[in-house]
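A closer look at the structure
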Amino acid sequence: MIAGIDVGNHTTEIVLARVDGGRAEPVAHGQAPTRGRKGSRDSLEGAAALLTRVEVAAGVTADRVVLSAIRPVDTATAPLPPAASPRSPVISLRRPDASTPAGSGYGVGRHVPVHALTGPTAPHPVVVSVGPDIDYEDAAQHISDAVAAGWTIVGVLAAQDDAVLIANRIPVRVPVVDEADTDLLEPDVLIAVEVVQEGRAYRSLADPIALAAALQIDPAELPWVAQFTRELADAPAIAVTRRTRAPEPPATDDDYVDCRIAGETVRLAPEQAYPLLRTEAPGTAVRVRLRSLKSAEDGIAVDDAYFTDLATIDDGAWLRRGVAETRGAVVALLAADHVADAADTMTELTGRPAQTLAAEPAAAARGALTTPGLPVDVIVCDIGGGTVDLIGPDRTVTAAGAGETITSAVTRVLNIPRALAERVKRSPALRVEGPHLAHEEDGRRVFLDTPASADAIGRLCTRGSAGLVPFSRTLAAEEWRSLRLAVKEATVASNIVRCLTVFERMPAVLVLAGGGALDDELIRTVGEALRAAGSATVVGRANIDGTHGPRYAVASGLVHLAAAVS
């Protein structure tokens, strides 16, 4: 009797099988949430306790235990700035968390620091910058004197949160943009500024053609400008200038990502690195430091890193501003070190000999290939809590970023507890319109079986075992469905497509295994992402041993591998 134990980032699973004549006959299985960090003693103690429960329930006792090599993955949200391609010809001067611009309209002018307004009057429109060390009253006085002297001032950039105070003290109504990085500006460069009037939707400078013309950018660079302006489509204030110098590498005490590019290790700021990491093969990132992530606050060696900029979950067309928090990024880091003593610890905890038999991908593939009806040309994709493993006939790819990435993204965008995010990420929701009436995601209005509680009325809810559980006041049911699908596409689906580019060709069938494959919407979002990439690959779901569905791929694969070598 052999126990195959899969200690995952989120769930621990066990399959008990009777081995005879080189064949494994599963007799019992079970699962439980993983305690603590994957590979920690807490997680292994939890696995040992689960083994005891499964044995007692089945009335059998395992003679030995087989494990896969354990690799922890850390997934969390980090308050990183929006992605910034080093190839973009323009840069944004306004910090992403700025909130109180003033004035309205737009203007394009040459940069003049506020202290330089005492010189000869400029013959062209100017945008005035107010540095962090200048008092707003002094700045407003300098600007007022300059207007009286004949300066044509079309906009103001303030380093501090002084936009409203300055705008109320100057004699011209111009856009005043707050919390701007004025230290990035050189004298006389062109700056385009805009503040959108309250209640208006039109943004002149979100048009890439208009912005390129305003800043005198070569039309050949329009595709990069268009990519940049996508992030301006919903901004209340805009401040943009031409890039005049290459991005500086991060300072010694700043966050960084070391990437292996063309055989050389290059240190990049996170906002420069993560657009690259979303398209390059796993293994590009080799070391990461993020002070907001405990495991990486001093720097951590990684085999892979995957970043999801939450701003990308909005395609710029459908999501109303303010209904979801889309600032920051979800980070998944696959540690370069393995947990070396897991088998020894399991031997100690269970009193049975334990052996690390195979890597997780090999075990997952062996388990998934027990699915009835699989064709020959197939790649197995094991979607766990922390990693996706893609296993083909002659190649295996392991990448950071899986089910917990979705959970972290949902937690952030909805500002709800992680346990609630685990529930709502999988289930359709409904908006409760009254004690007896609700609006479903598909547009239907339905009568409730039991009256809704007062805290559910007027809110988006998920169905729980004890009734309706509210989780959002701002989202409509149809909006949440679209947002949920977008989260899954931007996290797991895009990651799987990235991994498939490593293979020489796309397979006829991609079979999804692991706990993540229980999410019906992932079959759809992975399929859509593959179609968008030009692939006709069919996406389906594993049925381990013909009975378990997609779960237990690793645990089942371990006992089948153990049977083959026993």
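About the thresholds
Residues numbered from 1 in each chain as written. Predicted model: local features only at pLDDT ≥ 70, side-chain atom pairs only at ≥ 80, totals over all residues. Heavy atoms only, no water. Phe/Tyr/Trp six-rings, centres within 6.5 Å; stacked < 30°, edge-to-face > 60°. Helix = DSSP H or I, 4+ residues; strand = E, 2+ residues; numbered from the N terminus. Buried < 20%, exposed > 50% of the residue type's maximum accessible area, 1.4 Å probe, protein only. Contact = heavy atoms within 4.5 Å. Polar contact = N/O pair within 3.5 Å; in protein donor to acceptor, adjacent residues only side chain to side chain. pLDDT = per-residue confidence, 0-100. Salt bridge = Lys/Arg side-chain N within 4 Å of Asp/Glu carboxyl O. Axes fitted to C-alpha atoms, helices over the stretch in contact; angles between N-to-C directions. Parallel < 35°, antiparallel > 145°, perpendicular 65-115°, else oblique. Left-handed = near helix turned anticlockwise from the far one by under 90°.

- The name that an unreviewed UniProt entry assigns to the chain is Diol dehydratase reactivation protein, with the source organism given as Mycolicibacterium canariasense.

**Considering the packing of aromatic side chains**
- Enumeration according to the criterion identifies 2 aromatic pairs in this entry.
- Ring centres of Y274 and F307 lie 5.4 Å apart, and the angle between their planes is 10 degrees; this geometry places the pair in the stacked category. Residue Y274 is found in helix α6 (residues 270-277), and its partner F307 is found in strand β16 (residues 300-309); the two are separated by 33 residues along the sequence. When sorted by exposure, Y274 lands in the same class as F307, which is buried.
- Ring plane angle 65 degrees and centroid distance 5.7 Å describe the contact between F471 and W480, whose orientation is recorded as edge-to-face.
- Of the residues examined, F471 reaches a relative accessible area of 5% and is grouped as buried.

**So, the environment of W151**
- Assignment of secondary structure puts W151 in the loop between α2 (136-148) and β9 (153-158).
- Along the sequence, W151 and V126 sit 25 residues apart, while their C-alpha atoms lie 7.8 Å from each other.
- Ignoring sequence-local partners within four residues, the contact set of W151 consists of V112, A116, L117, G119, P120, T121, A122, V126 and A146.
- A polar side-chain atom of W151 sits 3.3 Å from the main-chain carbonyl oxygen of L117.

**Some remarks on α6**
- Residues of α6 that are buried include every one of P270, Q272, A273, Y274 and L277, and no others.
- Looking at the buried side of α6, the elements it contacts are β13 (256-261), β14 (264-268), β15 (285-289), β16, β17 (329-335) and α11 (477-500).

**Describing the confidence of the model for the chain**
- Scored by pLDDT, the chain comes out at a mean of 89, with 95% of its residues at no less than 70.
- Strand β27 (residues 509-513) holds the highest mean pLDDT among the elements of the chain, 96, whereas strand β5 (residues 73-78) holds the lowest, 82.

**Observations concerning the pattern of salt bridges**
- Summed over all chains, the structure comprises 23 salt bridges.
- We note a salt bridge from D304 to R498, for which the minimum N-O separation is 2.9 Å. Highlighted residues: D304 in strand β16 and R498 in helix α11, separated in sequence by 194 residues.
- Salt-bridge contacts for R445 lead to E433; the nearest nitrogen and oxygen are separated by 3.2 Å. In this pair, R445 sits in strand β24 (residues 445-447) while E433 sits in the loop between β22 (429-432) and β23 (437-440), placing the two residues 12 residues apart along the sequence.

**Considering the packing of helix α1 (residues 41-58) against helix α7 (residues 342-350)**
- Where α1 contacts α7, the axes come no closer than 10 Å and their chain directions differ by 45 degrees. On the basis of the axis angle, α1 is oblique to α7. Remark: the crossing between α1 and α7 carries right-handed chirality. Counting all contacts with α1, which are made through R41, L44, E45, A47, A48 and L51, the residues of α7 involved are A342, T345, M346, E348, L349 and T350.

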